[in-house]
Amino acid sequence: MSSNKRRLLLDAASNIVKNEGVAQLTLEAVAKNAGVSKGGLLYHFPNKEALISGMINELTNDYANEIQEKVNADNYPNGKWSRAYLEATFTELDDGLKMSSGLLAAAFTNPELLEKLKTQFANWQKNIENDKTDPVLATIGRLAVDGLWFAEIFGLAPLDKELKERIFNQLVSWTKEEKN
C-alpha cells in the first residue's frame, strides 16, 4: 500500500505541474490533489525538494526500464538502443508527457536534481552511438525526438498524429541503416 500511496502522490504532483504550472506545486496542493493528509505526504516526502527528487527518480526509472525492455525485446541486431529510445519517447508523448512535469519542476526549483538524469542520457547517447548503425543518423533521430518532445511540452506548434507517425517511421528506418 505504501508504494501505491507514493505513486499516487507523485502522480498528483505531476498533474499539478502539468495542469497548473510549477509555481503551484506545493505540499498542500499535492496532498489535496492526492486526497491524503499533509502528514501522509510528509511521511513519504519530508519537503518539496524530496518530492521533486522523487518525481525525477520515479519517472526516470520508469523511462529507463521501458527503454531497456524495448532493447531486450528487439530481435533486429542493428539500432536496438536507438529504436528503443525513439519508441519510449513517442510512448511518453502519447501518455501525456508525465516525465516532463518532474523535469520542469527540477529545472525551475533545483537543477542539481537533474544530475542522475544527465548521467542516464549520457549513457543512452553512448549506447546510441555504438548501436551498430550510423551514429550520425541515430543521434539525429534522438535529437529529433527530443525536439518533438520539447515542442509538445511547451505547445510549440505540436504536430498532428499523422505527421508524428510519419516522422517516427522515418526515424526508425534510419536505425536500420548499416554503419559506414
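Here the residue numbers are simple positions, counted from 1 along each chain's written sequence. Residues qualify for local features only when their pLDDT is at least 70, as the model is predicted, and side-chain atom pairs are given and counted only at 80 or more; totals for whole chains, interfaces and linings, by contrast, use all residues. Just so you know, side-chain values use all the structure's heavy atoms and leave hydrogens and water out.

K.L.:
Teacher, can you tell me more about the pattern of salt bridges here?
P.N.:
Any two side chains of opposite charge can pair, on the condition that their charged atoms come close. One side-chain nitrogen of Lys or Arg within 4 Å of one carboxyl oxygen of Asp or Glu is enough to make a salt bridge. Under the counting rule described, the total for this entry stands at nine salt bridges. Of the charged contacts in the structure, one is a salt bridge between D146 and R142, with a shortest N-O distance of 3.0 Å. Of the two residues, D146 and R142 both sit in helix α8 (residues 135-154), four residues apart, roughly one turn of that helix. Residue classification places R142 among the buried residues on the basis of a relative accessible area of 16%. As a salt-bridge pair, E152 and K164 come within 3.3 Å of each other at their nearest N and O atoms. Note on conventions: DSSP H or I runs of at least 4 residues are helices, E runs of at least 2 residues are strands, and numbering of each starts at the N terminus. Residue exposure (1.4 Å probe, protein chains only): buried if accessible area is under 20% of the type maximum, exposed if over 50%, otherwise partly exposed.

K.L.:
Would you mind showing me how to read helix α7 (residues 115-129) here?
P.N.:
Since there are 3.6 residues in each turn of an α-helix, residues three or four apart along the chain are aligned in direction. Each helix should span, by expectation, one fewer than its residue count multiplied by 1.5 Å. Spanning 15 residues, α7 covers 21 Å between terminal C-alpha atoms, matching the ideal 21 Å at 1.5 Å per step. Buried within α7 are the following residues: L117, W124, Q125 and I128. Viewed along the axis of α7, the buried residues span an arc of 100°, placing them on a single side of the element. Along the arc lie the directions from the helix axis toward the C-beta atoms.

K.L.:
I tried to follow the nonpolar core on my own but got confused; where do I start?
P.N.:
One recurring pattern in soluble globular proteins is that nonpolar side chains are buried together. Within the largest apolar cluster, 46 residues are counted, with the highest numbers of intra-cluster contacts made by L25, V30, L51 and I67. In terms of residues, this core owes the most to one element, helix α4 (residues 48-73), which gives eight residues. What we call a nonpolar core is a set of buried Ala, Val, Leu, Ile, Met, Phe, Trp, Tyr and Cys residues that are connected through their side-chain atoms within 4.5 Å.

K.L.:
Can you walk me through the environment of H44 in this structure?
P.N.:
Within the fold, H44 resides in helix α3 (residues 38-44). Relative accessible area serves as the criterion here: at 18%, H44 is assigned to the buried category. For the pair H44 and Y76, spaced 32 residues apart in sequence, the C-alpha to C-alpha distance is 42 Å. In contact with H44, not counting residues within four places along its chain, are S2, K5, R6 and L9. Contacts between residues were defined by any pair of non-hydrogen atoms, one from each residue, lying within 4.5 Å.

K.L.:
What am I meant to see in the packing of α7 against α8 here?
P.N.:
The description of two packed helices rests on the angle between their axes and on the distance between the axes. To obtain an axis, a line is fitted to C-alpha atoms, over the contacting stretch when the element is a helix, and the angle between two such axes runs from 0 to 180 degrees between their N-to-C directions. Look at α7 against α8: their axes get within 8 Å of each other, and the N-to-C directions meet at 140°. Residue-level contacts link F121, Q125, I128 and E129 of α7 to P135, A138, T139, R142 and D146 of α8. Gly is placed with the polar residues, together with every amino acid not listed as nonpolar (Ala, Val, Leu, Ile, Met, Phe, Trp, Tyr, Cys and Pro) or charged (Asp, Glu, Lys and Arg). Per-class residue counts for the contact of α7 with α8 are four nonpolar, two polar and three charged.

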